[in-house]
Amino acid sequence: MKILRGRDPFSLTSLFPVAILIIFVVLPVSYVIIIGIMDDPVGAFITTLSSPVTQRTIIFTVLQALASTLLAVILGLPGAFLLTRLEFRGKSLVRALILVPFVLPPIVVVVGFLRMFGRGGIIDSFLMLLAGSGQSVIDLSSGIFGIVLAHTFYNIPLIILLVSASLIRLNPEVEESAEILGVSNWQKFRHIIFPHIRRSLFAASILVFLFCFMSFPIVLALGQSRLMTIEVQIFHAFRELDYAGASTLALMQLLVTLSLAYIYIKAGSSDNEYMGSTSEIKTLSFQKMPMRYKVTSIVYSLLIIVLVTGPFIAIIESSIYDPYVGEFTLRGFANLLSTGIGGGLLPLMNSLMYSTLATLLTLFLAIPLAYSHRSKTYGVSSTLSSLTLLPLGISSITLAYGLMIAITVPLGLTTYPWPIIVIAQTIIGLPFAVRAIEVSLQNIDPEILDQATVLGASRFQRLFFVELPLVAPGMLVGAVFAFAMAIGEMSATLFIALPQNITLSIAIYQYLGVRKFVEAGASAFVIAMVCFFAFLILERYSDVTAGGSP
Amino acid sequence: MTSQQYPTRRNPKFLIAGVVVVSVIVIASIAIITAPRPKFIVYTYDSFMVWGDDPDTIDERAFGAFEKQFGVDVEIVRLNLDANGIVARLKAESANPVADVVIGIDNILILQEGVKDVLEPYTPENISFVNSDLINALDPEHYIVPFDYGLVTVIYSTELINTTTHPELAELTFTDLATPDLASSFVTENPQFSSPGLAFLLTQIAVYEKLMGEDWKQWWQSVKEYIDVQPGWSEAWAKWDSDPTISMMVSYGTDPAYSAWASGTAPTTAIAPIHHSGTTYAWVQVEGIGLVKNGPNPDLAKAFIDYCLSDTVQELIPLNQWMFPASSHATLPAVYDYAIHPNEVSLLNNILTRTEIEQNLTAWLDDWAAIMTG
């Protein structure tokens, strides 16, 4: 593989994101962990680790994350294929719709999920009707099954999006040649498609695993106190001012997530021979599909519709239907324009503002980071990769507490904390954005860049007119994730924000607390719609720039 | 090759400069709009006094007179947290505190190790307005003094069940609650995260250990397969309100009054306090107001605490906070006839002492978590 000429792989531009990560992640979190453990150096470890509750928590955390990841991959992979290959009307609409679950704040997912799958929910009522029984038939929302199902619902979009971003770059000529040579579909998958998507599938799976491993509000609500993740236990320890216990757990969590990052980087670096390609997408219309594929894809689509759109429909219903009074109302939407105490206008504006700023900042940090991951200097790439993945492995509660005592309070930003909120939201979305950009960078054919240089393009021109447009789909995916993570982020914002800084996600939480279900539903609906339309526009845009003539 | 295939490219430098300029302007204007003004800051939890008919003006009605008298802007900062979270925040800010007063620390939280570290004891001049039993139930050292109080008890929906369908509701015992029929229609809150949940756990421990002389853990062992435990009060309420199979919940003794006030008719919520040998028992939760240690305006803060015990503030509590006012001078609205009053029950706080709770709370919560996750 040719190394791009004239480019210092670990250039000064990546020093800025590295500095940001060190100042706003590494230092605050180490500070919290060290202070906490110094509180009671030996005792904390022994008490925490010897507790049967902690041991059960650790086992459960790992098992549910494994199960959720497996299920999300199994259910997400066909979706990635269908979405990339199948041509149908309203494809960009479906593509955007599928993303919606991922951007919903966890508390909204919980509400939608319970209404759909819980006791007395839509599915249960339907089955009760079928069975003609007055008793509840099925409850898919509680215990480990409910948690795994909710995590799967949440993470299928991640698999679909990351894998299809890579699939879109598979050169159709390779497949056509294989077809001419008469290979079976399985062989084609095994030797051509799978090696192509392997990296992105693995990356996506690791992200899903980490996501489920760190899960907090979903487990809190659906676990009914019987099931806890490590993050739930950290939350509990902080609330009891048990800093030693919280730090011990956070450190353990970090060790697990960093080991995962290490495995992931190791696995990735053995793939250096990989040659990316920039090409057109190979698509197929539904009519041209063989019969049994038609049937499977219809069945699959139905399953996904129930799983993915069900909770969303429940949210739409809750935005206009007040269960307390039992009537339909537009009060929730009117509230979003109200400026009084508990009014939705301020949180709405804050959410849009912070998430937009966080998205811009994320891209600004993510692009140099993604580039520097290609560095050939020994250790640079893997150090940067682990640094980038770090926010994903740190509990957001620990991060929030660290930002609070190490940055906000000493700087006197306590009454003026919005810059820290934007930074917290940025940090949380950064790993997703970097991954998305990195994947699309890897798939650029270096020949094209060389051609640009040969044709007399300056480095600046080459970067802006050739490279960045080619990376644009990845950047858009990254931006979408950054925006989604920022607008849905709750635990860090909750801790740092003063009332004038509250976001819509926090407002939803508050509305539920004061029985304002319609207001909560309408806010959730607006978040979902904002993201939905953002994606729709981005989709359109990315089709124009990425799918351009060869 | 037509020129259409190769569009003229603008110099990206202008685009970048434009983006930078726009971002700087936007960020600067947000910074100016949201810039902090010097204020007298009171920390409290998110639902403080917002349950009335006009929550938008409640701060003005309650604290406007104080603002005029002392020429300050009082800012009631309703942190998006519960009382535990507020203490964690005060702890985090202890190097450079911004709040002067904190409202909402209750009679159990004050016992937790480290909570008193963020507070400074203060005895208000008008403390005589408050019944000394309440003061002693909350904190005899006056790190915090009572602001309001209420009974934590079992409530049920009269639209779903009543004393005819379930006669045991008239004299509910823990044994009744443990039957699969009632246990599976009962929702409570996680005592690790929620103050009514913790009050219910202490109710159960007090009845079992002190009145019945039995191991409290048995009861939880027998109900854990059936009972619904939600993280907090709001989640539990949402479940109780929306799920027709859940008819009973751990909540407050003023809920029927709220139900009557909100609907304008007879309440659809009723109370089933815990009975034992013919006596009715309940746990009283006392919420306190206290001085933040090393806060910026200590003198103003003391005057504010005195002001909060005055009738102006205390008489707003019943219909906005749905708790009983701490001051015995404040009059109660008529709708409070539907509420259960503390003098109608035996208080379990007198049976399970502060010292016992202080010593055992962590162990009890660990045991509870072990039973429920086991």
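Residues numbered from 1 in each chain as written. Chains lettered and ligands numbered in written order. Predicted model: local features only at pLDDT ≥ 70, side-chain atom pairs only at ≥ 80, totals over all residues.

The next subject is the overall build of chain A. Of the regular secondary structure elements, chain A holds 23 helices and 4 strands. Here chain A, with 550 residues, has 51% of them falling under the buried criterion. Summarising the internal contacts of chain A: among those between residues at least 6 apart in sequence, 81% fall at separations of at least 24. (Helix = DSSP H or I, 4+ residues; strand = E, 2+ residues; numbered from the N terminus. Buried ≥ 20, exposed ≤ 12 C-beta atoms within 10 Å, placed from the backbone. Contact = placed C-beta atoms within 7 Å.)

What follows is about the interface of chain A and chain B. With 50 residues of chain A at the contact, the number on the chain B side is 47 residues. Sorting the residues of the side of chain A that touches chain B by element identifies α3 (52-85), α10 (217-222), α11 (230-239), α15 (345-372), α17 (396-408), α20 (459-488) and α22 (504-513) of chain A as the ones contributing at least two each. The greatest single-element share of the side of chain A that touches chain B, amounting to 4 residues, is contributed by α22 of chain A. Residue classes in the side of chain A that touches chain B are distributed as 31 nonpolar, 13 polar and 6 charged. (Nonpolar A, V, L, I, M, F, W, Y, C, P; charged D, E, K, R; others polar.)

Residue and element names in this part refer to chain B. What the domain assignment reports for chain B is domain 1 (40-149 + 286-340) and domain 2 (151-284 + 346-373). Spacing between the C-alpha centres of domain 1 and domain 2 amounts to 26 Å. Facing 15 residues of domain 1, the contacting portion of domain 2 comprises 21 residues. (Domains from an automatic or database assignment.)

A few words now on the pairing of strand β8 (residues 248-252) of chain B. All names here are of chain B. Counted residue by residue, β8 has 5 buried out of 5 residues, so it is predominantly covered. Pairing of strand β6 (residues 186-189) with β8 involves 2 bridges; the strand directions are parallel. Within β8, the position partnered with Val187 by the bridge is Met249. (Pairing = 2+ DSSP bridges.)

Residue and element names in this part refer to chain A. Residues of chain A with pLDDT of at least 70 account for 87%, and the chain-wide mean is 79. When the elements of chain A are averaged for pLDDT, strand β2 (residues 284-285) gives the smallest value, 68, and α3 the largest, 90. Taken as a whole, residues 543-550 scores under 50 in pLDDT and shows 6 contacts with residues more than four places along the chain or in a different chain. (pLDDT = per-residue confidence, 0-100.)

Moving on to the packing of α3 of chain A against helix α14 (residues 354-373) of chain B. Helix packing geometry: the angle between the two helix axes and the distance between the axes. Taken N-terminus to C-terminus, the directions of α3 of chain A and α14 of chain B make an angle of 40°; their axes are 9 Å apart at the nearest point. In terms of orientation, α3 of chain A lies oblique with respect to α14 of chain B. Helix-helix and strand crossings are classified by hand; for α3 of chain A and α14 of chain B the assignment is left-handed. Of α14 of chain B, the residues touching α3 of chain A (which contributes Pro52, Val53 and Arg56 of chain A) are Asp366, Ala369, Ala370 and Thr373 of chain B. (Axes fitted to C-alpha atoms, helices over the stretch in contact; angles between N-to-C directions. Parallel < 35°, antiparallel > 145°, perpendicular 65-115°, else oblique. Left-handed = near helix turned anticlockwise from the far one by under 90°.)

Among the nonpolar cores identified, the biggest contains 276 residues, and Ile159 and Ala424 of chain A together with Val101 of chain B are the most heavily contacted of them. It is helix α18 (residues 418-442) of chain A that provides the largest number of residues to this core, a total of 15 residues. When residues are assigned to domains, this core turns out to be shared by domain 1 (40-149 + 286-340) and domain 2 (151-284 + 346-373) of chain B, each giving three or more. Residues contacting Ala424 of chain A, with those up to four places away along its chain left out, are Leu399, Ala400, Leu403, Ala492, Thr493 and Ile496 of chain A. (Core = buried A, V, L, I, M, F, W, Y, C linked by C-beta atoms within 7 Å.)

Let us now look at the pairing of strand β1 (residues 40-44) of chain B. Residue and element names in this part refer to chain B. The element β1 is largely enclosed, with a buried count of 5 among its 5 residues. Regarding the hand of the β-α-β motif, the stretch spanning β1, helix α2 (residues 58-70) and strand β2 (residues 74-78) is right-handed. Bridge count for β1 against strand β3 (residues 101-106) is 2 bridges, and the pairing is parallel. Counted as the bridge partner of Val42 is Val101 from β3. (Right-handed = clockwise from strand over helix to strand, strands pointing away.)

Let us now look at the packing of α3 of chain A against helix α9 (residues 185-213) of chain A. Residues and elements named next belong to chain A. Between α3 and α9, whose axes approach to 8 Å, the crossing angle comes to 140°. Classified by the angle between their axes, α3 and α9 sit oblique to one another. Note on packing geometry: the crossing formed by α3 with α9 is right-handed. Together, Thr61, Gln64, Ala65, Ser68, Thr69, Ala72 and Val73 of α3 and Ser205, Val208, Phe209, Cys212 and Phe213 of α9 make up the contact between the two elements. When the residues that make up the contact of α3 with α9 are grouped by side-chain class, the tally is 7 nonpolar, 5 polar and no charged.

Moving on, we come to α20 of chain A. Here α20 of chain A contains 30 residues, and its C-alpha end-to-end distance of 38 Å is more than 12% below the 44 Å for a straight helix at 1.5 Å per residue. Along its length, α20 of chain A reaches its greatest deviation from straightness, about 50°, at Ala472 of chain A, and the proline Pro473 of chain A lies no more than four positions downstream. (Expected span 1.5 Å × (residues − 1). Bend = angle between axes of the 7 residues up to and from the residue.)

Our focus in this paragraph is unusual backbone geometry. Residue and element names in this part refer to chain B. Phi angles above zero are rare outside glycine, and Met49 is one such case at about 60°. Here Met49 falls in the buried class, since 24 other C-beta atoms lie within 10 Å of it. Residue His142 is not a glycine yet carries a positive backbone phi of 65°. Tracing the sequence through the fold places His142 in the loop between α4 (132-138) and β5 (144-157).

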